[in-house]
Amino acid sequence: MDINSLAQPHILKQPVYVTGKPIAYTAREFGLDPESIDKLASNENPFGPSPKGVAAAQDYLKTVNLYPDGGAYDLIGKIAEFRGMKREQIAVGNGSNEILTMLGKVFLGPDCNAVMSQHSFAVYKLTTMAANSTVVEVPMSAPAFKCDLKAMRAAVTDKTRLVFLANPNNPTGSDLTAKEILDFADSLPETCILVMDEAYTEFIEDQAPDFRSRINEGKNIICCRTFSKIYGLAGLRVGYCLARPEIIGLINRVRDPFNVNSIAQAAACAAIDDQEYVNFVREKNKEGLKQLMEGFEKMGLPYVKSQANFISVGGFKDPMDAFQALQRMGTIVRPQPQMGDILRITVGTKEQNERLLKNIKAYLGK
Ligand SMILES: *Cc1c(COP(=O)(O)O)cnc(C)c1O
């Protein structure tokens, strides 16, 4: 019997998310020394994890015979203090990815839809499809690769439950002003919820919209953050969201009892206390962005102006071929064929960026 005939029909339409290849695979495939490979494909932190986070994680290894704190009491308390919000306004997830999945379970289903921009984080679509709901994808404003908020607002109907928006946006790297986003949020009807994905917000800090007063006023806004990017804890899988207590209550209904493991909870607590490290990474990232943009300009390659820890650069007639060639030279990037002649490149260390620019130059024969 065909097992597919037993599955829910909408699951058969569900695509599989293809993640970047781990360094070890690429090393084996191309006979390279893993140490010599620069992975600039998944917007990971090239400076490593927060050292304080690592120390806390190591300490916790001794007690992994015990279940984690299912209520994440310490971590939620730490986040509450750090963000100036109440415990009841916070939920944690196995990465912010899981928060997005939980939102799909709570708010989406066959009779409604989710609005999102074209060229946005793939998980919005996957979450919506997994909930057997309808994806409403809104074209971007060309040529800047920006989320078109006017068109997104126009796409919202009384069937829309979630509106996904990331700023800076991944994979384009483009961003919108705080005012543009706040006005957009204020224009949405009460029948939908804005899911503000703030995965890269720490990199733009003072220019990001601050939704906390609106959340305090009880607006339908959910702000998601992650420890995967500036905090450098991607492998531990931990993220959180801020929202009004009623929304958090709904999320907790579908949350797995022990969704964030104990090591991740401990590391995230310590990482919050390590803002010195966060500031270090932010500064280094700014330098790296400048280095890459100058390098691209010298080669005459167009790019999307970015403040995130990655950048989209064009001028690659065959981006899959460019990806393969750069990989053989030891730099893993992320091709974005759906965006045309573009590669998405994570900002690395100074040395990694230098090697990347050198390899692109060699590939293009510039
Ligand atoms: C990396 C990223 C996330 C974070 O994912 P985690 O599950 O927390 O690792 C969320 N949204 C966007 C847009 C991202 O790029």
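Please refer to the structure higher up on the page.
All figures in this text were calculated on a predicted structure; none of them were measured in a lab. (Residues numbered from 1 in each chain as written. Predicted model: local features only at pLDDT ≥ 70, side-chain atom pairs only at ≥ 80, totals over all residues. Heavy atoms only, no water.)

Trainee: What am I meant to see in the side chain of Arg83 here?
Mentor: Examined against the element boundaries, Arg83 turns out to sit in helix 4 (residues 73–83). An unpaired buried charge is present at Arg83: no salt bridge exists, and Glu198, the closest side chain of opposite charge, is 4.6 Å distant. When sequence neighbours within four positions are dropped, the list of residues in contact with Arg83 reads Arg212, Arg225, Tyr240 and Leu242. (Helix = DSSP H or I, 4+ residues; strand = E, 2+ residues; numbered from the N terminus. Buried < 20%, exposed > 50% of the residue type's maximum accessible area, 1.4 Å probe, protein only. Lys, Arg positive; Asp, Glu negative; His and termini not counted. Salt bridge = Lys/Arg side-chain N within 4 Å of Asp/Glu carboxyl O. Contact = heavy atoms within 4.5 Å.)

Trainee: How should the site of the ligand be read in this particular structure?
Mentor: Taken together, the neighbourhood of the ligand is formed by 13 residues, with Asp197, Tyr200, Thr226, Ser228 and Lys229 sitting nearest. A distance of 2.5 Å separates an oxygen atom of the ligand from a polar atom in the side chain of Tyr200. A distance of 2.5 Å is found between an oxygen atom of the ligand and a side-chain nitrogen or oxygen belonging to Thr226. For the ligand, whose unbound accessible area comes to 380 Å², protein coverage reaches 93%. (Near = heavy atom within 4 Å. Polar contact = N/O pair within 3.5 Å; in protein donor to acceptor, adjacent residues only side chain to side chain. Areas by Shrake-Rupley, 256 points an atom, 1.4 Å probe, with all protein chains shown as cover.)

Trainee: Could you clarify how one ought to interpret the layout of surface pockets in this entry?
Mentor: Take a probe with the size of a water molecule and roll it over the atoms, and the empty space left behind shows itself. Looking at the largest pocket, its volume works out to about 1,300 Å³. As for the largest pocket, its lining consists of 48 residues, and the residues nearest its centre are Tyr17, Val18, Phe121, Ala122 and Arg334. Secondary structure elements with two or more residues in the lining of the largest pocket: helix 5 (96–107), strand 3 (113–117), helix 6 (122–130), helix 13 (319–328) and strand 11 (334–335). Of the residues in the lining of the largest pocket, the class split is 21 nonpolar, 17 polar and 10 charged. (1 Å grid on protein atoms, 1.4 Å probe; cavity = no way out; pocket = protein on both sides within 12 Å on 5 of 7 lines; lining within 4 Å. Points joined across faces, edges and corners; volume = space filled by probe spheres on them. Nonpolar A, V, L, I, M, F, W, Y, C, P; charged D, E, K, R; others polar.)

Trainee: Is there a simple way to explain the packing of helix 5 against helix 10 (residues 245–254) in this structure?
Mentor: Each pair of packed helices can be summarised by the angle the axes make with each other and by the distance between the axes. Running from N to C, helix 5 and helix 10 cross one another at 95 degrees; their axes reach a closest spacing of 9 Å. As the angle between them shows, helix 5 and helix 10 are arranged roughly perpendicular. Residues Met102, Leu103, Lys105, Val106 and Phe107 of helix 5 touch helix 10, and the partners they reach there are Ile247, Leu250, Ile251 and Val254. Split by residue class, the contact of helix 5 with helix 10 holds 8 nonpolar, no polar and 1 charged. (Axes fitted to C-alpha atoms, helices over the stretch in contact; angles between N-to-C directions. Parallel < 35°, antiparallel > 145°, perpendicular 65-115°, else oblique.)

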